[in-house]
Amino acid sequence: MASGSDVIDRPAAPARTRDPAPARRWLVPLLLVVGWVLSVAWRMWLSRHIVLPIAHTDEDSYLNTARALTGGPGGFSSENDLLRRVGYPMLISPAFLGDRDFSDSYRIVQLINAMVNSTLLPLAYLLGRRLLGLRRSYALLGAVAAATLPATAFYAGIAMIDTVMAPLVVAWLLAVHRWISRPGPLAAATVGLLVGGFHLLHSRGLVIVAVHAGLVLLLLVRRRIGPPSVLTALLPVLAMALVNAAAIRYLGDRVYLLGSTPGGGTVEAVASVQGVVRVGAGVATQLWYLVVITFGMAGVAWAAAVRELWRPRHGDAARWTMGVALVVTVGVAGGASVILAGITGKPLDAIYGRYVQMLAPFWLLVGLGVLLTAGRRVVLRRAAVAVALLVGGGALIAVRLAYVASQGHRLRYGGFSAPDLAALTGGWREMRPVLGSLVGIGGCLLLVAAALVPRLRLPMFGVLVVANLVTMQVIEHRIVRPAVASTAPTPRVADVGVRPGERVWASTGVHYVLRFNLSHQVTWTDVRWFGEQPPAAAQVVFARWAPGQPDDWDGTAYGFVRLGGNPAQHWAAWRRA
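Residues numbered from 1 in each chain as written. Predicted model: local features only at pLDDT ≥ 70, side-chain atom pairs only at ≥ 80, totals over all residues. Heavy atoms only, no water.

### Considering the overall build of the protein
Okay, step 1: When you go through the protein residue by residue, the secondary structure sums to 21 helices and 9 strands.
Okay, step 2: The C-alpha radius of gyration computed for the protein amounts to 25 Å, which stays within 12% of the reference 25 Å derived for 577 residues, consistent with globular compactness.
Okay, step 3: Across its three principal directions, the C-alpha atoms of the protein cover 85 × 55 × 50 Å.
Okay, step 4: Here the contacts in the protein between residues at least 6 apart in sequence split such that 76% fall between residues at least 24 apart.
Okay, step 5: Of the roughly 24,800 Å² of accessible surface on the protein, 64% is carried by carbon and sulfur atoms. (Helix = DSSP H or I, 4+ residues; strand = E, 2+ residues; numbered from the N terminus. Rg over C-alpha atoms; globule rule 2.2 N^0.38 Å. Contact = heavy atoms within 4.5 Å. Areas by Shrake-Rupley, 256 points an atom, 1.4 Å probe, with all protein chains shown as cover.)

### Observations concerning the packing of aromatic side chains
Okay, step 1: If you walk through the whole model with that rule in mind, you get 17 aromatic pairs.
Okay, step 2: Each ring, one from Phe-76 and one from Trp-529, has its centre 5.4 Å from the other, and the planes form 55°; the classification is tilted. A residue pair is termed long-range when its members are at least 10 positions apart, and Phe-76 in strand E1 (residues 75-77) and Trp-529 in strand E6 (residues 528-530) qualify at 453 residues.
Okay, step 3: Taking the relative accessible area as the measure of exposure, Phe-76 reaches 6% and is therefore buried.
Okay, step 4: Between Phe-102 and Tyr-106, the ring centres sit 5.7 Å apart and the planes meet at 25°, which makes this aromatic pair stacked. Residue Phe-102 and its partner Tyr-106 are both found in helix H4 (residues 102-117); the two are separated by 4 residues, about one turn of the helix.
Okay, step 5: The exposure class assigned to Tyr-106 is buried, which follows from its relative accessible area of 0%.
Okay, step 6: The structure contains a cluster of three or more aromatic residues connected by ring pairs, namely Phe-530, Trp-553, Tyr-558, Phe-560 and Trp-574. (Phe/Tyr/Trp six-rings, centres within 6.5 Å; stacked < 30°, edge-to-face > 60°. Buried < 20%, exposed > 50% of the residue type's maximum accessible area, 1.4 Å probe, protein only.)

### Description of the sheet that holds strand E9 (residues 571-576)
Okay, step 1: Strands sit in the order E6-E5-E7-E9-E8 across an open sheet of 5 strands; the sheet is mixed. The open sheet terminates on both sides in strands that have one partner only, identified here as E6 and strand E8 (560-566). Mean inter-strand twist for the sheet, computed between neighbouring axes without regard to direction, equals 30°.
Okay, step 2: Bridging between strand E5 (residues 504-507) and strand E7 (residues 540-543) involves 3 bridges; their strand directions are parallel. (Pairing = 2+ DSSP bridges. Axes fitted to C-alpha atoms, helices over the stretch in contact; angles between N-to-C directions.)

### Some words on the environment of Asn-117
Okay, step 1: Checked against the element boundaries, Asn-117 lands in helix H4.
Okay, step 2: The buried category is assigned to Asn-117, whose relative accessible area is 0%.
Okay, step 3: Separated by 355 residues in the primary sequence, Asn-117 and Met-472 place their C-alpha atoms 15 Å from one another.
Okay, step 4: Side chain to side chain, Asn-117 and Arg-43 meet in a polar contact 2.6 Å long. (Polar contact = N/O pair within 3.5 Å; in protein donor to acceptor, adjacent residues only side chain to side chain.)

### Comments concerning a nonpolar patch on the surface
Okay, step 1: Together, Leu-231, Leu-235, Leu-238 and Leu-242 give the surface a local cluster of nonpolar side chains, amounting to about 410 Å² of exposed area.
Okay, step 2: Among the structural elements, Leu-238 can be located in helix H11 (residues 227-251).
Okay, step 3: Leu-238 sits in the partly exposed class, given a relative accessible area of 47%. (Patch = residues over 30% accessible without salt bridge, like charges linked within 9 Å, V, L, I, M, F, W, Y side chains within 5 Å. Salt bridge = Lys/Arg side-chain N within 4 Å of Asp/Glu carboxyl O.)

### Here's the deal with the nonpolar core
Okay, step 1: Of all hydrophobic cores here, the largest spans 154 residues; its most connected members are Trp-172, Trp-179 and Trp-363.
Okay, step 2: Every residue in contact with Trp-179, bar those within four places of it in the chain, is listed here: Gly-184, Ala-187, Ala-188, Val-191, His-212, Leu-215, Val-216, Leu-219, Ile-225 and Ala-233.
Okay, step 3: Counting 14 residues, the second-largest nonpolar core is a separate cluster that includes Val-496, Ala-506, Leu-514 and Ala-573. (Core = buried A, V, L, I, M, F, W, Y, C linked by side-chain atoms within 4.5 Å.)

### A few points about helix H20 (residues 457-487)
Okay, step 1: Under the 1.5 Å per step criterion, the end-to-end length of H20 is 43 Å for 31 residues, consistent within 8% with the ideal 45 Å.
Okay, step 2: Residue Glu-476 marks the point of greatest curvature in H20, where the axis turns by about 35°. (Expected span 1.5 Å × (residues − 1). Bend = angle between axes of the 7 residues up to and from the residue.)

### Thoughts on the side chain of Thr-65
Okay, step 1: Structurally, Thr-65 can be placed in helix H2 (residues 58-69).
Okay, step 2: For Thr-65, a relative accessible area of 3% puts it in the buried group.
Okay, step 3: A distance of 2.9 Å separates the side chain of Thr-65 from the backbone oxygen of Ser-61, its partner in a polar contact.
Okay, step 4: Leave out the neighbours within four places in its chain, and Thr-65 touches Ser-77, Val-86, Pro-89, Leu-251 and Val-255.

### Considerations on the confidence of the model for the protein
Okay, step 1: Across the protein, the average pLDDT comes to 91, with 93% of residues at 70 or higher.
Okay, step 2: Here residues 1-20 is modelled with pLDDT under 50, and outside its nearest four sequence neighbours on either side it reaches 47 contacts, counting other chains as well. (pLDDT = per-residue confidence, 0-100.)

Printed below as a string of structure tokens:
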């Protein structure tokens, strides 16, 4: 039987015979290598229009930290002391070695992103083979479907940590499956190292660290591992925490933090019935979102995973792996909802799906595995659960949005949190939960119908991949290009005459997006901010240029001469006379 999903009994495999064509052994590795190269090329092509950050302030924080890690000037970070992580800046820091324009460094960051993000393809293939027991052709095509999923591919074009998370999730769960099935020091250390990687990358890794600790404890109590394995599994996590602390110490005050540490506001946000309802709505929305963007496959997978937990049929390794994945999914959704509820300085979001997106490829693959290996009745039962989740989730979200609207408020998308949902539903300015549920139900029914007809299974994968490619094209046209046009200051800093070596400051009167992207082009110094009067040390300043408006900044009053700028974008560069 195939492990990790509901399957039917299969006839015993025939005795192995000598492979008449040894060259075929290299076919799958060759296809994976070629697929990885094509995947990198596709991601780079999608990011061709993005020459400056568009996802502020996260990108700015990571880029400033990466530059400082290579010995260059620092800058600000929107992180706080408690949740500060340097793993992703460490990954992209080679882009800032040497003396090059920011646009060149940013392109190298995109290349690093594309290369790491594309490792999802071979990892997804291994998941299909080892955990789900799929045959090679299905595992290959399922891996392509997972690697092209917009929830993952979108982030390869921007300097966001999310580009790393999905491949890391699949690698970690593969390692967990291996560790449970064949306990040993190397397997334990591998799992611990990957969990430490989560901790080094992002605060959501705290959920995975907690789940890892619980898993280690349960395995010890169940006498599946001994004290040496416990140390082997936990020490790499501690080592990664120490690496994070050492890197922060190395940075010193070259990177200054603007974020506020979560405190009483987070507790107050959930210490009431209304707060609990708000957090519950956030969790439900994120889980519903996962089911929609995987065309119901996440719901199919969850039903199969719960069934495996209560009535295991396919071995402990599959059972434990699915259990870990379920707990992490709910934990990440819950943790994100609690943290976001405590940020009182920003409006509530209708959805902020960014934190759970890293789990979408895994659940897509597990759902497809159920369709391909289970009996007809099992498939229909699992699909019914997915449809029920979509119907119930869409209805609850619609009621929530209507209630908030009746109170005179409007919930919006979180920034860059659900571009695929917006593309699938055409909800560019507002969330459309009913249409989202219909998209998910329609996709689920089509996938189930195709999977039940063996000759339609391969075309089913093709349709799924095409849907992903088309969705990414829509996102690129409707989200990425408008974001590039609205966030790129013109002309370039070098074109207005700002010279390397000059001490540059920026006025807070310049819109923060333009201020950040102007500052990135100044690669030789950290561009600090000022209010009305520039500091005496400033040789060049970026300030607001709004002819005829009362907040137009007059640099001549402070001894500056305007070099140029863009009055339509309300910014100008001034040099001290």
